[in-house]
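Chains, contacts and geometry: an overview
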Amino acid sequence: MRALPTKSIRCIVCNRIFFEGQGIKLVLGGRELHFHSKSCALKFFKNMVLYLDQKDLEKAVASTVKEFEQRIKELEEKSKKNIESIR
Ligand SMILES: [Zn+2]
């Protein structure tokens with residue numbers, strides 16, 4: 001198999017060039033977005049939320065918080081069961 005040429009990608013936040021397979025790729029709003037690091041992705045997200053409708057944002061934040069709270073609860077219940085099974 002022939003090695004594929006490594007594609008260079010530009011971080012849309014800081015303009016740094018990195019290679020395919022590195023960095024973070026996200027598909028949002030029908031677009032592929034590339035960030036060289038988590039901190040650039042976070043910077044992008046922090047700016048993006050300013051453009052969102054505040055009511056939509058409130059709903060989105062509430063739903064996301066709920067989702068993670070649910071996940072943590074499930075993890076806690078799982079680890080509780082594990083402790084009980086060890087006993
Ligand atoms: Zn960057």
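Conventions used here
Residues numbered from 1 in each chain as written. Predicted model: local features only at pLDDT ≥ 70, side-chain atom pairs only at ≥ 80, totals over all residues. Helix = DSSP H or I, 4+ residues; strand = E, 2+ residues; numbered from the N terminus. Rg over C-alpha atoms; globule rule 2.2 N^0.38 Å. Buried ≥ 20, exposed ≤ 12 C-beta atoms within 10 Å, placed from the backbone. Contact = placed C-beta atoms within 7 Å. Pairing = 2+ DSSP bridges. Domains from an automatic or database assignment.

Before going further, it helps to examine the overall build of the protein chain. A tally of helices and strands in the protein chain yields two helices and four strands. Reading the helices (α) and strands (β) of the protein chain from amino to carboxyl end gives β-β-β-β-α-α. Here the protein chain has a C-alpha radius of gyration of 19 Å; the compact-globule value for 87 residues is 12 Å, and the former is much larger. Here the C-alpha coordinates of the protein chain stretch approximately 55 × 45 × 20 Å along the principal axes. Evaluated residue by residue, the protein chain yields a buried proportion of 3% over its 87 residues. Contacts spanning at least 24 positions in sequence make up 19% of the contacts within the protein chain whose residues lie at least 6 apart.

Moving on, we come to unusual backbone geometry. In this structure, N15 takes a positive phi of about 70° despite not being glycine. Its place among the elements puts N15 in the loop between β1 (8–10) and β2 (17–19).

For the rest of this paragraph, the subject is the pairing of strand β4 (residues 31–35). Across five bridges, the pairing between strand β3 (residues 24–28) and β4 is antiparallel. Its bridge partner being in β4, K25 is matched across the sheet by H34. If you look at the hairpin formed by β3 and β4, you'll find two residues sitting between the two strands, and G29 has a positive phi there, around 55°.

A few words on the environment of I24. Relative to the elements of secondary structure, I24 occurs in strand β3. Of the residues examined, I24 has 16 C-beta atoms within 10 Å and is grouped as partly exposed. Sequence separation between I24 and F35 is 11 residues; the distance between their C-alpha atoms is 5.1 Å. Once residues within four sequence positions are removed from consideration, I24 is found in contact with F35, K38 and A41.

With that out of the way, let us pick up the domain arrangement of the protein chain. Each domain of the protein chain was delimited in the assignment, giving domain 1 (1–51) and domain 2 (52–87). Measuring from the centre of the C-alpha atoms in domain 1 to the corresponding centre in domain 2 gives 28 Å.

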